[in-house]
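So you can see what is in the structure, the chains are spelled out below.
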Amino acid sequence: MREIFANHAHVFPESFRQDGSIPVLKEAMDYAGIASCVCFAPFYEYFHGALDSNEWLSQELKDETNLVGFGVIDFSSHNYADQVKKIADLGFKGIKVHPAFQKVRIDGPECSAVYAEAEKKNLIISFHTGIHWHRIADYNMLLFDEVAYRFPSLRITLEHVGGYCFFKDAVAVLLNNHRSGAPYHVYAGLTSVFDRDMNRYWYLSDEQIKDLLWLVGEEACIFGIDFPFNSAIEIKRVIDHIESMDIPEMSKDAILGGNLSRLLATR
């Protein structure tokens, strides 16, 4: 039986969003057959200073052996390097950046200060990509190539792989930052891309997924669940779909946990 290690679970205090709490995540993992999962701290923008998101997640995960934490940045503050250092000190393996929601330009000075320190601390940056109702100039898909160029040791995941609108641009960024035999440092986050009705803005067809594997390689693809925006039933349906796809078993192993395990183990 395949041991699944999933990326991309947003978690929240029960008082803020009960269906996104860690107990509900663990129930969803059990239902979907997921052994381990990466959890993102809730963005500071939700709480307007009433909660230290990273401290909260650190406390929530202190006794959890199958959950891995990623921190977030408070872009309303200006101590970006110090925030990254604290994220590393808390034992987190990466940082979630949502440029459209957080209203930051991904190649701007604020984000660049985060990347520079994250590169030093060997932290992963997990980006939301694809349409999300903010000016596209701030998170144009091809700007991620500029980030990868300026920070060649920074490991990044492109969650949603650009989505329906920018998939080909995402593939261009992935291809442009990998040469045969060289280690990957830009990864395709296969998150909320399999359900045409539920996730229509980021949907990718099976043929597009196969093209991604053909062009970029199975070693660059990481499965994410986008909890709680996808329910336990929807998450299991997607896992079953991947299991049924006409792709090699070794590709399924890589997508459903092998690549993420290796990526996290390098810190």
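Residues numbered from 1 in each chain as written. Predicted model: local features only at pLDDT ≥ 70, side-chain atom pairs only at ≥ 80, totals over all residues. Heavy atoms only, no water.

(A) Layout of unusual backbone geometry. Here the bond from Phe-227 into Pro-228 is cis, since omega is -5 degrees, no more than 30 degrees from zero. Inspection of the secondary structure puts Pro-228 in the loop between β8 (221-227) and α9 (232-244). Despite not being glycine, Lys-103 shows a phi value in the positive range, around 60 degrees. Note that Lys-103 resides in the loop between α4 (99-102) and α5 (109-121). The backbone phi angle of Trp-133 is positive, close to 60 degrees, even though this residue is not glycine. (Helix = DSSP H or I, 4+ residues; strand = E, 2+ residues; numbered from the N terminus.)

(B) Highlighting the pattern of salt bridges. In this structure the tally under the stated criterion is 15 salt bridges. Between Lys-210 and Glu-207 there is a salt bridge; the shortest N-O distance is 3.9 Å. Here the residue Lys-210 and the residue Glu-207 both occupy positions in helix α8 (residues 206-215), the gap between them amounting to three residues, near one helical turn. Here Asp-240 and Lys-236 are joined by a salt bridge, their closest N and O atoms 3.1 Å apart. Here Asp-240 and its partner Lys-236 are both found in helix α9, four residues apart, which amounts to about one turn of the helix. Relative accessible area serves as the criterion here: at 27%, Lys-236 is assigned to the partly exposed category. Among the charged side chains, a salt-bridge network with shared partners connects Arg-2, Glu-243, Glu-249, Lys-252 and Asp-253. (Salt bridge = Lys/Arg side-chain N within 4 Å of Asp/Glu carboxyl O. Buried < 20%, exposed > 50% of the residue type's maximum accessible area, 1.4 Å probe, protein only.)

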